[in-house]
Amino acid sequence: MRVAVPLSAARRAPRVFLATFAEIAAHAALTALTALAPLTALTSIAGCAAPRVARSIDGQIIEGRYIAAHAYALYAIGAEAEARGDLATALEAYELAEDGDPDSADIWTRIGSVRCRLGRGEAAGAAFERARAIEPDYEPAYREQARCDLSAGRLEAALGRIDRAIVLDPDRDDGALLRAEILRRLGRTDDARLALRALVVRRPWSTEAWRALHAAAIEAGDRAVAEQAARRLLELAAPGAAVLGRRTPSGGQLAEVDEALVLGELRRARRLARDAALTPAEVAVRAAALGRLGEAREQAELVSAADPASAEALVALAVAADLSGDLDALTRACDALDLSAAAGGPTVAPSRLARLLFAELLFRRVGRDAALTWLGPPLPPALGAPDALSQEVERRVHRELTGGAP
């Protein structure tokens, strides 16, 4: 049954949102290849002169080239497929994106990385070289080729490239971790442990760094350091571990993604999300849940360009727009959700966290009944969510919808 949930009361949003979660959840997920098929036509669209534009990247305003929307869309499809481990689809999407934006060092780097993981080493090397020809000091091209060299056993080449990457961007944890692993594989275990000790001093909240130090200490028989790292990992896994005065969820890799988002490091969060098997849309939702509205909106808009029917991304966009007071963007996001429901549902049903955030939005904008209609009976319990961030949001929504009752 379709339920009308008004968002226009007192001019809060000039429209009517029509959807129930049951309708959305009933729609089966479309395959990534199906999504790619109509987008291949985008590569034939003729472009205009490329003006300079300003973008917000990791909280900084950076001037850069104009990039066509269809190239962004194809890149986002590739990123999502890569996060799922569907490397063939990711490569196809990235190569189509390159057709529309051949001067992107980022796209060529992703092509090189995926080719390498598919065992196409020579073609991967050519892609990395193309990325550096476009942007000679592009750190990811050196780092990803170092990773490729490591996987192929070219250890000295890998070390040279990761050293160059660290010179270009010394603050990246993944560069330092990769360098330590290369040193370990070269038999320079003392150097590897020293590098990791330096990293945990600089990044005391990084479970990746402590996990790597623990493994290196175990391998070297350094019991004291291994025990220190193990204790620190237990501390970081405990609910309520603090990051800059905020609660950081437990759950290892999820906690690292959330930490990066809290710090405003969206690019790092995207990389960590791939390791944690989170989709790009889920990154947008977690950013919204953490109150990182700029990151949530930027990520949601990127995902929506690739999949306009992504309910997860549209919910993140709506929540970010609502909390920042952008009623026009809120209306557009809700309109898109409505169109998605009318067309039979989104490509992927929204997650539990996304459902809770949208219920909270309805509670703020319309009222308790609208939020309960969206969630559907029975009211979800306050406990039992899969991670600490979801549990925190679930408890908060539960309190709001029950008037504070236990």
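Residues numbered from 1 in each chain as written. Predicted model: local features only at pLDDT ≥ 70, side-chain atom pairs only at ≥ 80, totals over all residues. Heavy atoms only, no water.

S.K.: Explain the pattern of salt bridges to me, and be specific about the residues and the numbers.
M.R.: All told, the structure shown has 36 salt bridges when counted by the stated rule. Notably, a salt bridge pairs Glu181 with Arg184, separated by 2.8 Å at the nearest N-O pair. Here Arg184 and Glu181 lie together in helix H9 (residues 173–185), a separation of three residues that amounts to about one turn. Assessed through its relative accessible area of 28%, Glu181 is described here as partly exposed. Arg184 sits in the partly exposed class, given a relative accessible area of 26%. The salt bridge partner of Asp191 is Arg188, with a shortest N-O separation of 3.0 Å. Relative accessible area serves as the criterion here: at 34%, Asp191 is assigned to the partly exposed category. Through salt bridges that share partners, Glu82, Arg110, Arg117, Glu139, Arg143, Glu144, Arg147, Arg172, Asp174, Glu208 and Arg271 make up one connected network. (Salt bridge = Lys/Arg side-chain N within 4 Å of Asp/Glu carboxyl O. Helix = DSSP H or I, 4+ residues; strand = E, 2+ residues; numbered from the N terminus. Buried < 20%, exposed > 50% of the residue type's maximum accessible area, 1.4 Å probe, protein only.)

S.K.: Could you give an account of the state of the cysteines, naming the residues involved and the relevant values?
M.R.: With the rule as written, the count across this model stands at one disulfide. What pairs with Cys116 in a disulfide is Cys148, and their sulfur atoms sit 2.2 Å apart. Sign of the S-S torsion, about 100° for the bond between Cys116 and Cys148, identifies this disulfide as right-handed. Here the residue Cys116 occupies a position in helix H5 (residues 105–117), and Cys148 occupies one in helix H7 (residues 139–151), the gap between them amounting to 32 residues. (Disulfide = S-S within 2.5 Å.)

S.K.: How would you summarise helix H4 (residues 87–100) if you had to cite specific residues and measurements?
M.R.: The end-to-end C-alpha distance of H4 is 20 Å, a good match for the 20 Å that 14 residues give at a rise of 1.5 Å each. Looking only at H4, the buried set comprises Leu87, Thr89, Ala90, Leu91, Ala93, Tyr94, Leu96, Ala97 and Glu98. (Expected span 1.5 Å × (residues − 1).)

S.K.: Report on the confidence of the model for the chain, specifying residues and quantitative values.
M.R.: Per-residue confidence for the chain averages 75 on the pLDDT scale, and 73% of its residues sit at or above 70. Taken together, the stretch residues 53–62 has pLDDT below 50 and engages in 25 contacts with residues farther than four places along the chain or on a different chain. Contacts of residues 239–250 to residues separated by more than four positions or lying in other chains number 27 contacts, the stretch itself having pLDDT below 50. (pLDDT = per-residue confidence, 0-100. Contact = heavy atoms within 4.5 Å.)

S.K.: Residue-level account of the packing of aromatic side chains, with values.
M.R.: This structure, assessed with the given rule, holds one aromatic pair. Arranged with centres 5.5 Å apart and planes meeting at 50°, the rings of Tyr75 and Tyr94 form a pair that is tilted. Of this pair, Tyr75 sits in helix H3 (residues 69–84) while Tyr94 sits in helix H4, and the two are 19 residues apart along the sequence. Exposure class is identical for Tyr75 and Tyr94. Each is buried. Across from the ring centre of Tyr142, 5.9 Å away, lies the NZ or CZ of Arg164, which sits over that ring. (Phe/Tyr/Trp six-rings, centres within 6.5 Å; stacked < 30°, edge-to-face > 60°. Lys NZ or Arg CZ within 6 Å of the ring centre and 35° of its normal.)

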